[in-house]
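Descriptive structure summary
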Amino acid sequence: MYNATRIKIDLDRVLYVLFCLYAFSVSLELILEKLFYIDTIFKPFRLLSLVIIGTYSIRTIRNGITLFAGEREDIFLYLVFVYGIMVSCVQVVANVFNTSLFYNDLLLTGLHVFTFFIYKSLSFSKTQVHKILRYFIAGVMFNSGYILYAIFFLKNQSSRQSGFIDNPNYAALGLVAVMAYILLRSNFGLKFWQKITGLSILLFTLYVFMITGSRAGLIMFLLVLLFLFIFSSLKRKMLLVTVGALITLQLFSMRSERVVLGVSMVLVNRVNKKIGEEGEDVRFVIWRGLFRMLEDRGYWGLGIGQFKANFKQYYVNESNPLITEIVNRGYYLSPHNDYLAILADYGLPSLLFYLAFLFVTFRKVFRKILYPKEDAEENFLAQYGFMIFCCLIIYGMSAENFQHQLYWFLLMISTKRN
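Here the structure is a predicted model, which is why all the values come from computation and not from measurement.

As a further point, take unusual backbone geometry. Phi angles above zero are rare outside glycine, and Tyr37 is one such case at about 55°. Here Tyr37 shows up in the loop between helix H2 (31-36) and helix H3 (44-63). Even without a glycine there, the phi angle at His336 is positive, about 60°. Looking at where His336 falls in the secondary structure, it is placed in the loop between helix H15 (321-328) and helix H16 (338-346).

Put into structure tokens, the structure is as follows:
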């Protein structure tokens, strides 16, 4: 008699595990380079994205694609890229076009978009979403530990620190997301040991947050405190006002030479320096040059990756020292703004699609907190998603995020239908 052993693989479970690992990896972009001296484009999160896409493709062949009506606002986000590809196809014929930058940006952003789509098309329980968020927190904590290791053991105290992530501002963004989770979680009746653990993590992340020196991160953290104030009871409101006042007092009273536990408080120094200086921020110089570029080339979009390709041509006569150095070295700077970056490369129609996505999504996540449910866990995820989504909207005004994995991870978490 013939017996066959059949191995059945639950692909939904596999994808859930992969997203847990992906959440852990988003803060560890440069881990291979910094620990093993392996300079490669195959970052851990990119490899996991490829595996997720491959696994989902197999699942689609077996079960088909499931789309949720609650995620229909995402169509506006996808239209951003559809139009961007279309205008790129026109620009490659009509103007000088850097195909290398086009393919590079399209590939990197495409991985994020497909990963975002897959996460939004899967059904996760509230317990699973919490687990994914805890893996994310673990990744941020691991990166924070490396930042302190670099300071105390590698004696790297001369500049802002980001650890395994490529930019201190993104390190700060991850820390704000963790602190928002810990602070909001304390509103939902934790046990004593959970409160102690949460307080320890909060103090640790706040200390590392100061080292990253991110002014944009500080704005987001204050926004989180504002939302926590709104969501909290009267007793907690008084506590948050006290904490906020103490943080503000410290920021404006510390001197640049002030050192805490052997580490210069970079954020304090940068805030005080910004208040005291009269020079123009380089972002404004970049934005003026971007509009000169658009006035010359049109508002229908330069094509994906083409702002960088034309950077030298439109900024060669700038007197700003940083831009002069960048141009002389043959490099380029990003627009430092999501909305202007979309306007430049993807065009005005794509910007309108993106603004429509933000508006419709904001209305959805706002309704979740406006009409709370009896399920405490669902209310927690709704409040957390609302805070993070608002932070991403504000953060997009000072940074270009479409090619960064942390932005896409937080976007998928904050806009997911629960």
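As a rule of thumb, nonpolar side chains are buried together in soluble globular proteins. Judged by nonpolar contacts, the single largest core of 116 residues is most densely connected at Phe136, Tyr315, Tyr354, Tyr384 and Phe409. A per-element tally of this core places helix H7 (residues 168-185) first, with 14 residues. Setting aside its immediate chain neighbours within four residues, Tyr315 contacts Val285, Ile286, Gly289, Leu290, Met293, Phe307, Ile323 and Val327.

Let us look at helix H18 (residues 376-395). Taking 1.5 Å as the rise per residue, H18 with 20 residues should run 28 Å; its terminal C-alpha atoms sit 28 Å apart, in good agreement. Counting buried residues in H18 gives 17 out of 20 residues, a clear majority hidden from the surface. The N-terminus of H18 is capped by Asp375, whose side-chain oxygen sits 3.0 Å from the backbone nitrogen of Glu377.

In this fold, Phe45 is placed in helix H3. Excluding residues within four positions of it along the chain, Phe45 makes contact with Tyr22, Ser25, Glu29, His112 and Gln405.

Another point: the side chain of Asn143. Relative to the helices and strands, Asn143 resides in helix H6 (residues 126-152). What makes Asn143 buried here is its relative accessible area of 4%. Within the local environment of Asn143, its side chain forms a polar contact with the backbone nitrogen of Phe164, the two atoms lying 2.5 Å apart.

Here the focus is the packing of aromatic side chains. A full pass over the atoms with the stated rule returns 41 aromatic pairs. With a centroid separation of 5.8 Å and an interplanar angle of 50°, the aromatic rings of Phe209 and Phe221 are classed as tilted. With Phe209 in helix H8 (residues 192-212) and Phe221 in helix H9 (residues 215-231), this residue pair connects regions lying 12 residues apart in the sequence. Taken together, a centroid distance of 5.7 Å and an interplanar angle of 50° make the contact between Phe402 and Trp408 tilted. With respect to class, Phe402 is no different from Trp408; both count as buried. Taken together, the ring pairs in this structure connect Tyr56, Tyr78, Phe81, Phe116, Phe117, Tyr339, Tyr346, Tyr354, Phe357, Phe402, Tyr407 and Trp408 into an aromatic cluster. A cation over an aromatic ring shows up here: Arg185 above the ring of Phe380, its NZ or CZ 4.8 Å from the ring centre.

Their axes nearest at 10 Å, the elements H6 and H8 cross at an angle of 55°. Comparing their axes, H8 and H6 come out oblique. At the point where H6 passes H8, the crossing takes the left-handed sense. Residues Met141, Ser144, Gly145, Ile147, Leu148, Ile151 and Phe152 of H6 pack against Ile201, Phe204, Thr205, Tyr207, Val208 and Ile211 of H8.

The rules behind the values
- Residues numbered from 1 in each chain as written.
- Predicted model: local features only at pLDDT ≥ 70, side-chain atom pairs only at ≥ 80, totals over all residues.
- Heavy atoms only, no water.
- Helix = DSSP H or I, 4+ residues; strand = E, 2+ residues; numbered from the N terminus.
- Core = buried A, V, L, I, M, F, W, Y, C linked by side-chain atoms within 4.5 Å.
- Buried < 20%, exposed > 50% of the residue type's maximum accessible area, 1.4 Å probe, protein only.
- Contact = heavy atoms within 4.5 Å.
- Expected span 1.5 Å × (residues − 1).
- Polar contact = N/O pair within 3.5 Å; in protein donor to acceptor, adjacent residues only side chain to side chain.
- Phe/Tyr/Trp six-rings, centres within 6.5 Å; stacked < 30°, edge-to-face > 60°.
- Lys NZ or Arg CZ within 6 Å of the ring centre and 35° of its normal.
- Axes fitted to C-alpha atoms, helices over the stretch in contact; angles between N-to-C directions.
- Parallel < 35°, antiparallel > 145°, perpendicular 65-115°, else oblique.
- Left-handed = near helix turned anticlockwise from the far one by under 90°.

Geometric descriptors of this kind do not, in isolation, establish any biological role.
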